[in-house]
Amino acid sequence: MSDWTATAIACSNIAFVKYWGDQIERLHVPANSSISMNLEGLHTRTQVTFDPQLDEDQLVLNGQILTGTDLQRVSGLLDRVRRISSTKCFASVVTSNNFPTGTGIASSASAFAALSLAATAAVGLKLNERDLSRLARASSGSACRSIPTGFVEWKAGHDDIDSYAVSIAPPHHWDLADCVAIVSQEQKMVGSTEGHILAQTSPLQAARIADSTLRLDLCRRAILERDFSGLANVTELDCHLMHAVMMTSTPPLVYWLPATLAVSSAVQAWRKGGLPVCYTIDAGPNVHVICLGEAAREVVKRLKKIPGVEKVLVARPGGPAKLVS
Ligand code: PMV
C-alpha cells in the first residue's frame, strides 16, 4: 500500500464561450456547451497518497493545511475514486499552484483536473480521457476542460455519462497568448458555484442558452481557421452575454470594477487601431486579454500603463493534464 501515490499537473483554462448555469446542479452538467484554451503558464501540481494509517482525508494547499468546505470538495472527488476502485483508504493531498493565489485566477479548474488524474493513478486506475474529464466535471465544471490538450470543447450533454470535454486542436495549432490584467486581488463575494444557481433567475439566461449553438460554431470555426477577428467578435459577445445574465440575476452579480472597464475599452480601441487583441472576463474583475503571440509583448507594455492594473500574467496555449514522477 505504501506506493499508492501519484503526482499530476494540470493547466488552468480560459473560456471563449462560457459555462454559466447548470442542467444538473449536483453533477455540474451545464446548460450549454463551452470552448476554452488551456493556459500553459498557470498550473496546479497535486500529489495524492492513499494511506491506510490515515483516519480522514488531509489537504495541504501551498504549504497550508485546509479543512472545512475546501476539504469537503476534495473528499467528494476522493469518495468517487474510492467507489470506482473499491478502496476504503483515506488520502493525503498535497497541492500547489504555480500562479499567485488571491489573484482571482480560477484555480478550481486546474486543481480538480490535477486531483482527478493523481487520485485515479494513485489507486492504479487508468481512466481514459473522457472518464477523467467526467470525474473532474462532477467536482468543478470547468475542470473537465483542463483534462484534454490545447483548445477544448466541453460537450454539455444531458447527464453524467455524456457531459465531458474533448480537444479540438493541439496547443501548437495557434500561437495565442492570454495576458491576464490583474486589477484586484480580493476574494470574490459570490463564487461560481452560487453563480451557476442564480443564472436561472435572469430573464436573459434562456436567450443566452438558445443562441449558444451559433456562438460555439463561430468560435470552433475561428479557432480551426486561426481567424483572430472571428474569435475576437464571438469571445467578447459571449463575455457580455454572461455578464448581462450575472447583472440581471436576483440578487444581481456585478463583478466589474472601474479598472475592468478601463482595460476592456482600451483593448477595443487597440483592436480598432490594428492590434490583434480582444478580452474576456470570468466571475471576477480581472481581464483576460487574448492576443496573437507576436503581439503579447506590446499588449503587456500597454496594459501595465493603465491605472488600476496591478500586474499582468502571461500564458500560452497549454497541454493536457499529465502525470509527473
Ligand atoms: O467551473 P466553475 O464552477 O468554476 O465555473 C466557471 C465559470 C466561468 O469561469 C465564469 C466560465 C467558464 O466557462 O470558465
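The coordinates are above.
Please read these numbers as outputs of a predicted model, since none were measured by experiment.

**Side note on the site of the ligand**
Thinking step 1. Near the ligand lie 14 residues; those nearest to it are Tyr19, Ser142, Arg145, Ser192 and His196.
Thinking step 2. Arg145 has a polar side-chain atom sitting 2.7 Å from an oxygen atom of the ligand.
Thinking step 3. At 3.0 Å from an oxygen atom of the ligand is found a side-chain nitrogen or oxygen belonging to Ser192.
Thinking step 4. Protein chains shield 94% of the accessible area of the ligand, which is 380 Å² for the free molecule.
Thinking step 5. A class-by-class count of the residues in the shell around the ligand yields 5 nonpolar, 6 polar and 3 charged.
Thinking step 6. Split by domain, the shell around the ligand shows at least three residues from each of two domains, domain 1 (4–172) and domain 2 (176–315).

**Thoughts on the pattern of salt bridges**
Thinking step 1. Applying the stated criterion across every chain, the model contains 14 salt bridges.
Thinking step 2. Between Glu153 and Arg220 there is a salt bridge, with its nearest N and O atoms 2.7 Å apart. One end of the pair, Glu153, is in strand E8 (residues 151–155); the other, Arg220, is in helix H6 (residues 212–224), with 67 residues separating them in the sequence.
Thinking step 3. Residue Arg220 is classed as partly exposed on the basis of its relative accessible area, which comes to 23%.
Thinking step 4. The closest approach of N and O atoms between Glu298 and Lys301, which form a salt bridge, is 3.5 Å. Linking Glu298 with Lys301, this pair stays in helix H9 (residues 296–304), spanning 3 residues, or about one helical turn.
Thinking step 5. On the basis of relative accessibility, which here comes to 27%, the residue Glu298 falls in the partly exposed class.
Thinking step 6. Several salt bridges share partner residues, and in doing so they unite Asp131, Arg134, Arg137 and Asp160 into one network.

**Thoughts on the sheet that holds strand E12 (residues 287–292)**
Thinking step 1. If you trace the 4 strands from one edge of the open sheet to the other, you get E11-E12-E10-E13, paired in antiparallel fashion. What marks the edges here is a single partner per strand, and that holds for strand E11 (277–280) and strand E13 (311–315). Here the average twist between neighbouring strands, direction ignored, is 25°.
Thinking step 2. In this sheet, E12 lies alongside E11 in antiparallel orientation, the contact comprising 4 bridges.

**A few points about the packing of aromatic side chains**
Thinking step 1. Evaluation of the coordinates by the stated rule reveals 2 aromatic pairs.
Thinking step 2. Ring plane angle 65° and centroid distance 4.8 Å describe the contact between Tyr19 and Trp154, whose orientation is recorded as edge-to-face. Of this pair, Tyr19 sits in the loop between strand E1 (5–17) and strand E2 (22–24) while Trp154 sits in strand E8, placing them 135 residues apart in sequence.
Thinking step 3. On the basis of relative accessibility, which here comes to 0%, the residue Trp154 falls in the buried class.
Thinking step 4. Arranged with centres 6.4 Å apart and planes meeting at 75°, the rings of Trp174 and Phe228 form a pair that is edge-to-face. Placement of the pair is Trp174 in the loop between strand E9 (164–169) and strand E10 (176–182) and Phe228 in helix H7 (residues 228–247), with a sequence separation of 54 residues.

Rules used in this analysis
Residues numbered from 1 in each chain as written. Predicted model: local features only at pLDDT ≥ 70, side-chain atom pairs only at ≥ 80, totals over all residues. Heavy atoms only, no water. Near = heavy atom within 4 Å. Polar contact = N/O pair within 3.5 Å; in protein donor to acceptor, adjacent residues only side chain to side chain. Areas by Shrake-Rupley, 256 points an atom, 1.4 Å probe, with all protein chains shown as cover. Nonpolar A, V, L, I, M, F, W, Y, C, P; charged D, E, K, R; others polar. Domains from an automatic or database assignment. Salt bridge = Lys/Arg side-chain N within 4 Å of Asp/Glu carboxyl O. Helix = DSSP H or I, 4+ residues; strand = E, 2+ residues; numbered from the N terminus. Buried < 20%, exposed > 50% of the residue type's maximum accessible area, 1.4 Å probe, protein only. Pairing = 2+ DSSP bridges. Axes fitted to C-alpha atoms, helices over the stretch in contact; angles between N-to-C directions. Phe/Tyr/Trp six-rings, centres within 6.5 Å; stacked < 30°, edge-to-face > 60°.

That is the geometry; function is a separate question.
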